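# Topology and contacts: notes
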Amino acid sequence: MNRSSLLDITDTLIHSMDEVQLDRWDDLSEWASDRVAPVDAVPLEKLQPPKANLYSASLGRIGLMRTSYGTSTQISADELSGAPVVAATNLQGYSVPSLSRSTAHLNKVDDSFLFDLAKTGHSSRLSDDAVQLHLAFDQKLLNEISYSWFGNLPERSTWCPKTPFGGDNTFWNSSLRYIMRLVAETSQPISAQNIRHIEETLCSNLVRSWAAQSGIDISAGKKVVVPRIVRTAEEYIIEYAADAPTLTEIASALDISVRNLTLNFKKFRGCTPGQFIREQRLQATRKALLEADQDQTVSQIAASFSYIHMGEFAKIYRNRFGELPSETLNRSK
């Protein structure tokens, strides 16, 4: 692959993404803020309006954006609790992200830069021909996949909150090209299995690269053994997911306190029992929709998994899988 191939791949991919063209800086800032965190976009040349071509999509719980502003630009994002971890990769031109108030880093084509907006603000200057690919990673998703792949890793407050990484011939760059090509060449809606594959591939490679830049030995985490109580709780939740068990019911079945159950899930799974329950119900419902008989309806299937309000269920389902439950059901018939 040549160095421009990632740009070529996303040229194909953008036809299936939401597209916006903007020529006002306020509109540009609002667009970015809606998708990441509070963002301010300003020209580096006075009074120069943007000629922005912006594309966005979701890959499961990962936000995908391709941006070009048509003029040299400074992008600044504020720190915000719960904001995503963002990986920005240069497809064309260059960027100069700040490492600190007095230090900046030159990123060229194929170079990436990571910033954890839950821990730090971010600022970057972009050349007038810059085209970037941004991936916004949900914090809970990173915790979930980090643990399943690498075990109980050191607290991320000890990791570099912003760092250059990636580049040509790196694991990150290879995984990025692979996933972008997979998405670009998929003509049908992406299946739940592929969404999970995409999330795991990108998250695991991001964490591996981020840990290396932060001097973290991720191999040490695999020595942690998950307590039996967590594994037993997971088995119970999966078995009774359709009944939407409460935390009290689960804790009672396992003869432990709700507090103990919650603390163990947070420590060893990076999520709460409630989050695990909601995910298992959604996954089970999706499986049932994909395997439904000709005469089954969305309402019938959703009700069998204890969903009562169909509008709220459809919203939650779409946010998780990128399509309405009726669209999933139609593919099974």
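Everything below is about the structure printed above this text.
This report concerns the structure included in the present document. (Residues numbered from 1 in each chain as written. Predicted model: local features only at pLDDT ≥ 70, side-chain atom pairs only at ≥ 80, totals over all residues. Heavy atoms only, no water.)

## Some points on the packing of helix α6 (residues 228-239) against helix α9 (residues 273-290)
Running from N to C, α6 and α9 cross one another at 40 degrees; their axes reach a closest spacing of 9 Å. As α6 runs across α9, the sense of the crossing is right-handed. Judged by residue contacts, E234, I237 and I238 of α6 engage P273, F276, I277 and Q280 from α9. Per-class residue counts for the contact of α6 with α9 are 5 nonpolar, 1 polar and 1 charged. (Axes fitted to C-alpha atoms, helices over the stretch in contact; angles between N-to-C directions. Helix = DSSP H or I, 4+ residues; strand = E, 2+ residues; numbered from the N terminus. Left-handed = near helix turned anticlockwise from the far one by under 90°. Contact = heavy atoms within 4.5 Å. Nonpolar A, V, L, I, M, F, W, Y, C, P; charged D, E, K, R; others polar.)

## Points about helix α7 (residues 247-254)
By the burial criterion, the buried members of α7 are I250, A251 and L254. Here the buried residues of α7 occupy an arc of 95 degrees about the axis, which is enough to place them on one side. When the buried face of α7 is taken as reference, the exposed residues oriented beyond 90 degrees from it are T248 and S252. D255, located one to two residues past α7, shows a positive phi value of around 60 degrees. (Buried < 20%, exposed > 50% of the residue type's maximum accessible area, 1.4 Å probe, protein only. Arc of directions from axis to C-beta.)

## A word on the packing of helix α3 (residues 139-150) against helix α5 (residues 192-214)
Interhelical geometry of α3 versus α5 gives an angle of 80 degrees and a closest axis separation of 9 Å. Considered as vectors, α3 and α5 are oriented roughly perpendicular to each other. Taken together, the residues of α5 that come into contact with α3 (itself represented by L141, L142, E144, I145, S146, W149 and F150) are R196, E199, E200, C203, S204, L206, V207, R208 and W210. In terms of residue class, the contact of α3 with α5 is made up of 9 nonpolar, 2 polar and 5 charged. (Parallel < 35°, antiparallel > 145°, perpendicular 65-115°, else oblique.)

## A few points about the side chain of Q280
Inspection of the secondary structure assignment puts Q280 in helix α9. A relative accessible area of 19% means that Q280 is categorised as buried.

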